[in-house]
Number of protein chains: 2
Amino acid sequence: MSVLVVGSIALDTVKTPVEEHADLLGGSASYAAVGASFFSPVKLVGIVGEDFPNEHIAYLKGRNIDLGGLQQVPGKTFRWSGEYMWDMNTRETRSVELNVFEHFTPTLPSAYVESPVVLLANIAPSLQSHVLDQMSRPQFVIADTMDLWINIARGDLEALLQRVDMLILNDSEARQFTQETSLIKAGAKIRTMGPKYVAIKKGEHGCLLFGDGEFFSCGAYPLEDIHDPTGAGDTFAGGLAGYLAARGNGSIGFSQLRHAVVFGSVLASFNVEAFSLERLRSLTQMDIEARYQAFHKMSQFEVLG
Amino acid sequence: MSVLVVGSIALDTVKTPVEEHADLLGGSASYAAVGASFFSPVKLVGIVGEDFPNEHIAYLKGRNIDLGGLQQVPGKTFRWSGEYMWDMNTRETRSVELNVFEHFTPTLPSAYVESPVVLLANIAPSLQSHVLDQMSRPQFVIADTMDLWINIARGDLEALLQRVDMLILNDSEARQFTQETSLIKAGAKIRTMGPKYVAIKKGEHGCLLFGDGEFFSCGAYPLEDIHDPTGAGDTFAGGLAGYLAARGNGSIGFSQLRHAVVFGSVLASFNVEAFSLERLRSLTQMDIEARYQAFHKMSQFEVLG
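Keep in mind the model is a prediction, meaning the values are calculated, not measured.

Caption draft 1: Highlighting the relation of the copies chain B and chain A. The operation relating chain B to chain A is a screw motion whose rotation component is 180°, with 0.0 Å of axial translation and a residual RMSD of 0.0 Å. With respect to symmetry, the two chain copies, as superposed, fit the operation of a two-fold axis. Taken as a fraction of all interface residues of chain B, those also at the interface in chain A reach 100%, which identifies the copy contact as same-surface.

Caption draft 2: Main features of unusual backbone geometry. Residue and element names in this part refer to chain A. Positive phi, close to 50°, is recorded for Asn99, a residue that is not glycine. The topology assignment puts Asn99 in the loop between strand S7 (91-97) and strand S8 (117-120). What makes Asn99 buried here is the crowd of 20 C-beta atoms within 10 Å. Of note in this structure, Gln179 is not a glycine but carries a positive phi near 60°. Position of Gln179 relative to the elements: it lies in the loop between helix H6 (171-178) and helix H7 (183-191).

Caption draft 3: Just the interface of chain B and chain A, in detail. Residue-level contacts link 27 residues of chain B with 27 residues of chain A. The dominant element in the side of chain B that touches chain A, judged by the number of residues it contributes, is helix H11 (residues 285-299) of chain B, at 4 residues. Class assignment of the residues belonging to the side of chain B that touches chain A gives a composition of 11 nonpolar, 11 polar and 5 charged.

Caption draft 4: Molecular detail of the packing of helix H6 (residues 171-178) of chain B against helix H7 (residues 183-191) of chain B. All names here are of chain B. Running from N to C, H6 and H7 cross one another at 65°; their axes reach a closest spacing of 9 Å. Remark: the crossing between H6 and H7 carries left-handed chirality. Seen from H6, the contacting residues are Asp171, Ala174, Arg175, Phe177 and Thr178; seen from H7, they are Leu183, Ala186, Gly187, Lys189 and Ile190. Considered class by class, the residues forming the contact of H6 with H7 number 5 nonpolar, 2 polar and 3 charged.

Caption draft 5: Examining the sheet that holds strand S11 (residues 197-201) of chain A more closely. All names here are of chain A. Taken together, 9 strands build an open sheet; the order of strands is S5-S4-S1-S8-S9-S10-S11-S12-S13 and the sheet is mixed. Each edge of the open sheet carries a strand with a single partner, namely strand S5 (65-72) and strand S13 (215-218). Averaged over all adjacent pairs, the angle separating strand axes in this sheet is 15°, with direction ignored. Each of strand S10 (166-170) and S11 touches H6; the most contacted strand, S10, lies at about 110° to it. The strands that H7 touches are S10, S11 and strand S12 (207-210); relative to S11, the one it contacts most, it runs at about 145°.

Caption draft 6: Structural view of helix H3 (residues 125-133) of chain A. Residues and elements named next belong to chain A. Residues Pro125, Gln128 and Val131 constitute the buried set of H3. Seen from one end, H3 has its buried residues packed into an arc of 110°, which puts them on one side. Here the buried face of H3 lies against strand S1 (3-6), strand S4 (42-48), S8, strand S9 (140-144), helix H4 (147-152) and helix H5 (154-161).

Caption draft 7: Representation of the sheet that holds strand S6 (residues 78-84) of chain B within the structure. Residue and element names in this part refer to chain B. Strand order in the open sheet formed by 4 strands is S3-S2-S6-S7, and the pairing between neighbours is mixed. The sheet is open, and its two borders are formed by strand S3 (20-26) and strand S7 (91-97), each paired with just one other strand. Across the sheet, the mean angle from the axis of one strand to that of its neighbour is 20°, orientation sign disregarded. In the sheet, strand S2 (residues 10-15) pairs with S6 via 6 bridges, with the strands oriented parallel. Among the inter-strand pairings, Leu11 is bridged to a residue of S6, identified as Arg79.

Caption draft 8: Structural detail: the pairing of S12(A). Residues and elements named next belong to chain A. By the alternation rule, side chains of S12 split into Cys207 and Leu209 and Leu208 and Phe210, which are all buried. Judged from the 4 bridges that link them, S11 and S12 form a sheet pairing that is antiparallel. Each residue of the ladder has a partner; that of Val198, found in S12, is Phe210. The turn joining S11 and S12, which pair antiparallel and follow one another in sequence, is formed by 5 residues; a positive phi near 60° is taken by Gly203. As defined by bridge partners, S12 adjoins S13 across 4 bridges and the pair is classed as antiparallel. Bridged to Leu209 within S13 is Phe216. Counted between consecutive antiparallel strands, the loop separating S12 from S13 contains 4 residues, among which Gly213 sits at a positive phi close to 70°.

Caption draft 9: Structural context of the environment of A:Leu161. Residue and element names in this part refer to chain A. With respect to the helices and strands, Leu161 occurs in helix H5. Taking the number of C-beta atoms within 10 Å as the measure of exposure, Leu161 has 20 and is therefore buried. Through-space distance from the C-alpha of Leu161 to that of Asp87 is 33 Å; in sequence the pair is 74 residues apart. Once residues within four sequence positions are removed from consideration, Leu161 is found in contact with Leu167, Met193, Gly194 and Pro195.

Caption draft 10: View of the confidence of the model for chain A. In the predicted model, chain A carries a mean pLDDT of 95, and the fraction of residues at 70 or more is 99%. Here the prediction assigns the complex a pTM of 0.90, and the interface score ipTM is 0.83.

Cut-offs used in this document
Residues numbered from 1 in each chain as written. Chains lettered and ligands numbered in written order. Predicted model: local features only at pLDDT ≥ 70, side-chain atom pairs only at ≥ 80, totals over all residues. Least-squares fit on C-alpha atoms with pLDDT ≥ 70 in both. Contact = placed C-beta atoms within 7 Å. Helix = DSSP H or I, 4+ residues; strand = E, 2+ residues; numbered from the N terminus. Buried ≥ 20, exposed ≤ 12 C-beta atoms within 10 Å, placed from the backbone. Nonpolar A, V, L, I, M, F, W, Y, C, P; charged D, E, K, R; others polar. Axes fitted to C-alpha atoms, helices over the stretch in contact; angles between N-to-C directions. Left-handed = near helix turned anticlockwise from the far one by under 90°. Pairing = 2+ DSSP bridges. Arc of directions from axis to C-beta. pLDDT = per-residue confidence, 0-100.

Following this line, the structure appears as structure tokens:
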């Protein structure tokens, strides 16, 4: 099965205490689509300007990503610039130029309408809902979000939650959204707002997955060096969605989501090892499989009799 | 086998955003000894004053803790007072009265000298070394430490590290001690300083265990409500040491330590559910077993073919 990914496509300028690089391929949909493409075919919906480099188009096509839903329009591509502090966890946005993204309306080609798995990567919740308006009964809908929408579009976000199977957000966003300091309470509370499943990302500390009376705590693959955390969450969501789509037409339940979360974490762990999508460019299925095995080995323990 | 525990015994006053309680049983050795006592017999070395309540003595004896190494001397018991901020993670020490603890010299009764497993709970590293001076070749020595000793007694701590099998410390202490921001690098660096094994505690995010080419990442059991984090690390160390001692005379390797870390985490998760040692007072073997199973269920995933 294929996965439909909608979100932002950007040209990023990223500074860390060690390096700075400009005009990198970025945006939530770029990371998510490439992440998903390691597991299943992808259909991408997004917008770029005339300045968007052909090499990025060629790269996405080469990843088996269908660009029938990519709008290329007059004007400049969305640009984002950010800087990471010495701990590589704190990030400051230096500038945002929405450009063509400001008037983006996601429009689905007819071939996209029946996509079984949908990943609504981080964009305004009204646009995420607009994508669902155009679809016929997708099997599994995942939405990612961020603090900005919790602050300025809470109503839209709450409306969206009635229509998605799974919400992904990070720990501070979950606390902000629910006003609960306990993540366990926050996850349970969000489930009462619509989504059957909730994934709370804790960055370098892993991820918590909540279902109906079920719970999974997944660590993060530990890394010696992190070169660029940008897009880790989007890559996680993409890997997770792609893994689910690859399961075929079987039902998607907690057991499948458990593995999807692990594969998403594995992909995200690779992504932060280099700037932009660079590490994903050279990544192989064997790399993913080896890290999954290593991750398993370092985090498992037996039931004792 | 029994475990020898040496450390501080205190009367604590603890304030949280919700509650405040005075004159609670506390100190690194109290938590560690009670934690260990769920798995094996314990021999305790410590000091208290004339004001130390008989009920605490009776409680420790009732836990199968040998108090032959407990000195009760003229003067007042060590007192500590601290306050937790709203997030229950940030702690401010309000007052410290060393009292009889100021001139404590740990002295081992002859029956203690051959203890196979030793837990040097958090006290000055020179005192930890002094305990080892009195012993004949223990099988496995674990030391806990804190930021204070890294700051004011680094030389003593480095000397101690040559003599211990395992060091336990928390994430900020590991970073401070090694000047490495990556915990993976920090753990590896501490291993080059002496201990064959290092456990880095990450509070609510679990624990990392480092061995010779081996690594284990253990989550923390997720809790909805934390009432008092005091002693969580000491209880973890105690549970870990007690579990190892209970394994009998077999060799202690990475596989045993992996399970010891999980049992230590389980015990610590109970400890923070109430003030002081209150939750441990009512804790049963069945509670521990049930949480171990639940912890296993929520953190495991299979190797996929």
